[in-house]
Amino acid sequence: LPSDPVKTLGYSLPAVALIQAVNILFTIPKSEPVAKSSGNKKKKQAKSRVSQTTILGLVLSMLLTPFIHLIYVLFGAPVTVSIPATFLLSAHTALLALFPLLCTFPLDGVTWTNIVALKAPVTPAYTAALGTIAGAWLGAVPIPLDWDREWQTWPVTVVFGAYVGNAVGRLVGVVISGKK
Amino acid sequence: MIPHALIIAFLLPLESLGLLFFARGFFPYKPVFHGYAPIESDAPPAVSDKVIFMVVDALRSDFVFSNESAMSFTQSLISSGKALPFTARAAPPTVTLPRIKGVTTGSVSNFLDAVLNIAESDSSSSLVGQDSWLIEFKRRPVPGKLVMFGDDTWLKLFPGIFDRYDGTSSFFVSDFTEVDNNVTRHLDTELKTSDWDVMILHYLGVDHIGHKGGPYSPFMPDKQKEMDQIVEMLYEYAEKVQESVGKSTLLVLCGDHGMNEIGNHGGSSAGETAAALLFASPLFSKLGSGLRAPLNATDNYEYYIVIEQVDIVPSISGLVGNPFPMNNIGVFVPELLRFWSRSDQIKLLRQNAGQMYRILKEAFSSMDIPVTDAQALLAGNDIDKIRGLWDQIGQPYFDETDDPVETLYAFLRLSQKVLSRTSSNYDIPSMVIGLCLVSWLSSLAFRRALFSTSADFVAKAVFVVGTTIYAISIFGSSLVEEEHYFWYWFASAWLMAQFILSARVKSTTAGLILISLLGVLSILRHYHHTGQKYAGSYDIAQFLSSDVAAGLLWVLILLEHLLIFKNLHYYVFADVSPLIAFVCSFTPVISLFSFKMSMALEAGEKVPPLLAAITPTSTGADQLLNRAKTSFLSIVICMVFHILSTVWSTKRDQFKFIRGTFHIAVLLLVVQTSSVNIPIFLLYEAIHSLSRILAAQYRATTPIAIVLSTLIWQRVSFFAAGNSNSLATVDLSNAYNGVAGYSPIPVGILAFVSNFAGPIFFTLSGILQLSIWKNSSKSTRSVEDIFAVDFLSLIHAFHAVSLLAVMGACMVLRSHLFIWTVFSPKLLYTVGWFLLQQGAVDTILGLCIVVVSDLL
């Protein structure tokens, strides 16, 4: 990753998308109470709806990548240089944070305002998204240090932080929602 | 309000006292030998009779040696073998006063000299009673005659030693020609009289050009040519004297320090420490053929052989046959040894070694232990090695050993290394007293900030977390160098936290404003790339100061002026008749604009011809002085008018007075800002306007949130304007606006205002927002109460804790490699923030505005 971030991030993108999609396909029926209670007849229908949602979510999160790129720039990402790297970082962030949210939460203003306001119900997808954001944000910390390591280049630490944050967030989410 | 203000009035002086104790222990005067070196009975014969010591301030190595230099005659001296070139590494702090001490006494300076260099009037920096190669001339049986022309720092360091002199003040940095003509005009008569033994010339033009326009300023080649001609004149004089009288003259050309990529100095980067050094004399052609000159430009500024700057001292002393100064830790330059026979070479180096051994004995008690096994010692640590080598040098048949010169150099170089390391010893008890006092007081202040102020849980939580992380970050040297990243990062976090809150109360307006603020922040962080790691990488300021963008820059400057005009017109002169209002608000703005314009022209910046045509073309120092005075005068008149109109107006309006004062103050801040930074005020104004809307309309705003934002924007604006925690970025180019000569108080105030323009802006903006908040929230608290209780407590607590953290870092890391290059400058900056920004501006000025606004 440090030697050529753009290449690594680019090649791993489809794989991450696949893993996230599979993950969502398996977790949604469990976490959606609607799907459970709707009985055997509708089970098949529900399943096809879930896969539709997943594809829709994937497309939407990819479409929102430029928006995430803009947010990264607002938070201090380079504007004129390393554009491909930042863009791919945004794509990864979209897959990690946005994609599960889009699939598990209804698309309406109130829900998403609640998501921003930290008032949405605690699910693994939600905590994973928060973890991704917090991880990416903390990942920027080591960049200015004078250790002169290869991995201190943009956006290596931020990618690392996002993935670690995602994992920690998911774990916390599973534990909390499991307790309930 | 009054009890709160009283508590601050109690805490502030006590904290300053603690700081004083700490500084006394941390910056001790270095113990130096007083008295003079003993006369050597068996010294090798002198090679030179006269010395011309020509210092060109900030003469970086590449200014003379690289193929981009315009100093062709000097280069021809090198290639024909009449001069020996070196890169002399200057020890930080790379500012003039400590560097002159270095090249005359041969000792390593202590950090306090850097401060004294700025507080010029201090007389404790004088070198009376300290040995130097200048004094050694005076100690000859027939005292030598010394003359000096140039930077008056020399006169301060060596009072009464010069037979003839003419000093120039070194701080009037906008003058490029007068300072140097003032030196050169003496040369004709002095070279004719020729009765002196030492002539010192100190040219300041290169340094001034660097401060104004950087190392590649369009003025630089001409100035280099001018310096080159002076070298030519002096060298021809040396040849003439050699032929006619038979006296040999040594010409030393050197820079006291270099400069970095933006023309500043003070720190320890490669460019700042690489000074040019050249020994020239007609005698040198005897030594052998010349070296290739010019050389290709290099990134590390290392041309030819790299030596330590203090090595100049024993070299001059040796060449003129004087004893080496007592405190000298310089090593005689090997390339100059060739003038003597082998036995004289050894004698000379022995003299150098003996003199350095005296210092070693003073510094290390282990030097007195008799040596039993020299071979074993040579394998030990540095001190042991020195003892072993000294033992070898003392052996009776040392001169007949294989390579005595090599052994002597091994001893000298190692001793130099060890001695330049141990240049400071701390007064630990005094530091501990200061630390204890400040930690007690800052914990009081912090507790008060949390529990005695009005309520806002989230803002206080962010404040506590932020202050804690900041205090911890100070213990990392690179986090100090790159402090701006912390503030950009923390600012975005605070805006994000507010954004989440705005989503909670479902306020779209507030959300949009906060996103816009994030946008402004992201422009600010790219305005100047400061710090160490990415300093000098392409940023908005560089773009705006390039010739292509001159039009854009001046359009933005004009916009800022229009904005000031509008604000004055609407908010200060609103009650008078339209014509008078127009004239009154137009006059200060146009005088400000013409001052900034002529300043830019004077500095050689590119100004769009259309604009340059409308300002009167006659420039010059006097003109500039008058325009600056006009600007200041018009600001004073505005303020007087503002106070009177508030007094006379029938309706009492506290808010209106604060608002008008704020807009007049912006005028003053822009006067003290260099042209490339004026557009940054548009961004400040944008932040101010957006925050004002939040304060007025957004019900989730609290005084605590406003104060926290103020604190963050103060820091962000400080770094965005190009400042850093290195002394190199102290900008003195606006310190002499309207001041004819050096006088510490006005120059100090002007320098402070120009470097802290952003923080001062946001102090006033914060006070204004508090009064807006009071009006719109219909709070029963008075503005004075909000100011004294919330604003002062929080700001004071933050500064007290950061002071404590910096003092703690300096205490814990006192043997750290970067203590003098990173942590000590940080301590100085923190003192500036604590005493001047927090003490003078936030507390005293803020209190004045708030109290006066209530009285009127």
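For clarity, every value in this text was computed on a predicted model and none was experimentally measured.

Visitor: Which residues make up the pattern of salt bridges, and what values do they have?
Guide: Residue and element names in this part refer to chain B. The full count for this structure, using the stated rule, is 21 salt bridges over all chains. When the shortest N-O distance is used, the salt bridge between arginine 60 and glutamate 261 registers 3.3 Å. A residue pair is termed long-range when its members are at least 10 positions apart, and arginine 60 in the loop between strand 1 (50–56) and helix 2 (61–65) and glutamate 261 in the loop between strand 6 (249–254) and helix 12 (270–273) qualify at 201 residues. Note that arginine 387 is salt-bridged to aspartate 384, the shortest N-O span being 3.6 Å. One end of the pair is arginine 387 and the other is aspartate 384, both in helix 16 (residues 382–394) and three residues apart, which spans about a single turn. The class for arginine 387 is buried, based on a relative accessible area of 11%. According to the relative accessible area criterion, aspartate 384 is partly exposed, its value standing at 22%. The network of salt bridges with common partners includes Lys145, Arg164, Glu190 and Asp195.

Visitor: Would you mind going over the UniProt feature "transmembrane region" (unreviewed entry) in chain A in detail, with residue names and values included?
Guide: Residues and elements named next belong to chain A. The residues that UniProt annotates with the feature "transmembrane region" (unreviewed entry) are residues 12–29, 50–75, 81–105, 125–145 and 151–176. End C-alpha to end C-alpha, residues 81–105 measures 35 Å, and it is 88% helix and 0% strand. Annotation note: span residues 151–176, helix share 81%, strand share 0%, distance between end C-alpha atoms 34 Å.

Visitor: An account of the environment of Val159(A) is needed here, citing residue identities and associated values.
Guide: Residues and elements named next belong to chain A. Residue placement: valine 159 occurs in helix 8 (residues 156–179). What makes valine 159 buried here is its relative accessible area of 7%. Between the alpha carbons of valine 159 and threonine 93 there is a distance of 8.2 Å; along the sequence they are 66 residues apart. With residues near it in sequence (within four places) discarded, valine 159 still touches Leu9 and Leu89.

Visitor: Please provide a residue-by-residue account of helix 25 (residues 578–602) of chain B, values included.
Guide: Residue and element names in this part refer to chain B. In this model helix 25 runs 36 Å from its N-terminal to its C-terminal C-alpha over 25 residues, within 8% of the 36 Å that 1.5 Å per residue would give. Along its length, helix 25 shows its largest kink, about 25 degrees, at phenylalanine 586, and proline proline 588 lies within four residues downstream of that point. Positive phi shows up at glycine 604, right after helix 25, with a value of about 80 degrees.

Visitor: I'd like to hear about the interface of chain B and chain A, residue by residue, with values.
Guide: Facing the 23 residues of chain B at the interface are 20 residues of chain A. The junction of chain B with chain A conceals about 1,900 Å² of combined surface from both sides, 67% of it contributed by carbon and sulfur atoms. For chain B, the biggest contributors to the area lost against chain A are Trp489(B), Arg504(B) and Lys533(B); these three give 29% of the whole. Counting across the interface, chain B meets chain A through zero salt bridges. Taken together, chain B and chain A are joined by four residue pairs in polar contact (both at pLDDT 80 or more). Those elements giving two or more residues to the side of chain B that touches chain A turn out to be helix 20 (477–481), helix 21 (483–504) and helix 22 (508–524) of chain B. Among the elements that make up the side of chain B that touches chain A, the one with the highest residue count is helix 21 of chain B (nine residues). For the side of chain B that touches chain A, the residue count by class is twelve nonpolar, six polar and five charged.

Visitor: Quick one: what's the story with the domain arrangement of chain B, residue by residue and with numbers?
Guide: One can read the domain layout of chain B as domain 1 (51–339) and domain 2 (426–855). For domain 1 of chain B versus domain 2 of chain B, the distance between C-alpha centres works out to 40 Å.

Visitor: Account for the packing of aromatic side chains, naming residues and giving values.
Guide: Residue and element names in this part refer to chain B. This model, assessed by the stated rule, comprises 47 aromatic pairs over all chains. With a centroid separation of 4.2 Å and 10 degrees between ring planes, the pair formed by tyrosine 357 and tryptophan 390 is classed as stacked. Separated by 33 residues along the polypeptide, tyrosine 357 in helix 14 (residues 342–363) and tryptophan 390 in helix 16 bring together distant segments of the chain. When its relative accessible area of 13% is taken as the criterion, tyrosine 357 is described as buried. Between the aromatic rings of tyrosine 470 and phenylalanine 486, the centroid separation amounts to 5.5 Å while the plane-to-plane angle is 40 degrees, which identifies the pairing as tilted. Of this pair, tyrosine 470 sits in helix 19 (residues 457–473) while phenylalanine 486 sits in helix 21; the two residues are 16 residues apart in sequence, bridging distant segments of the chain. Like phenylalanine 486, tyrosine 470 is buried.

Visitor: Can you lay out the sheet that holds strand 2 (residues 83–89) of chain B for me, pointing to particular residues and giving the numbers?
Guide: Residue and element names in this part refer to chain B. Here we have eight strands laid out as an open sheet, ordered 4-3-5-1-6-7-2-8, and mixed in their pairing. For this open sheet the edge positions go to strand 4 (164–168) and strand 8 (305–308), each flanked by a neighbour on one side alone. Within the sheet, the average angular offset between the axes of one strand and its neighbour, ignoring direction, is 20 degrees. As paired strands, strand 6 and strand 7 (residues 274–280) are joined by four bridges and run antiparallel to one another. Looking across to strand 7, one finds that cysteine 254 is bridged to leucine 277.

Visitor: A description of the packing of helix 28 (residues 654–671) of chain B against helix 34 (residues 819–855) of chain B should follow, citing residues and the corresponding values.
Guide: All names here are of chain B. Helix 34 packs onto helix 28 with a crossing angle of 140 degrees between their chain directions and a minimal axis gap of 8 Å. By the angle between their directions, the pair helix 28 and helix 34 is classed as oblique. Where helix 28 crosses over helix 34, the handedness of that crossing is right-handed. Counting all contacts with helix 28, which are made through Gln654, Phe657, Ile658 and Thr661, the residues of helix 34 involved are Ile849, Val850, Val852, Ser853 and Asp854. Looking at the contact of helix 28 with helix 34 residue by residue, the class counts come to five nonpolar, three polar and one charged.

Visitor: Pulling in residues and values, what's your account of the packing of helix 28 of chain B against helix 29 (residues 680–697) of chain B?
Guide: Residue and element names in this part refer to chain B. Here helix 28 crosses helix 29 at 160 degrees, and the two axes come no closer than 12 Å. Judged by the angle between their axes, helix 28 and helix 29 are roughly antiparallel. In the crossing of helix 28 with helix 29, the sense of the turn from one axis to the other is right-handed. Residues Phe662, Val666, Leu669 and Val670 of helix 28 lie in contact with helix 29, whose contacting residues are Phe681, Glu685 and His688. Here the residues of the contact of helix 28 with helix 29 are counted per class, giving five nonpolar, one polar and one charged.

Rules behind the numbers
Residues numbered from 1 in each chain as written. Chains lettered and ligands numbered in written order. Predicted model: local features only at pLDDT ≥ 70, side-chain atom pairs only at ≥ 80, totals over all residues. Heavy atoms only, no water. Salt bridge = Lys/Arg side-chain N within 4 Å of Asp/Glu carboxyl O. Helix = DSSP H or I, 4+ residues; strand = E, 2+ residues; numbered from the N terminus. Buried < 20%, exposed > 50% of the residue type's maximum accessible area, 1.4 Å probe, protein only. UniProt positions renumbered as here; feature names shortened; annotations may be inferred. Contact = heavy atoms within 4.5 Å. Expected span 1.5 Å × (residues − 1). Bend = angle between axes of the 7 residues up to and from the residue. Buried area = accessible area lost by both parts, 1.4 Å probe. Polar contact = N/O pair within 3.5 Å; in protein donor to acceptor, adjacent residues only side chain to side chain. Nonpolar A, V, L, I, M, F, W, Y, C, P; charged D, E, K, R; others polar. Domains from an automatic or database assignment. Phe/Tyr/Trp six-rings, centres within 6.5 Å; stacked < 30°, edge-to-face > 60°. Pairing = 2+ DSSP bridges. Axes fitted to C-alpha atoms, helices over the stretch in contact; angles between N-to-C directions. Parallel < 35°, antiparallel > 145°, perpendicular 65-115°, else oblique. Left-handed = near helix turned anticlockwise from the far one by under 90°.

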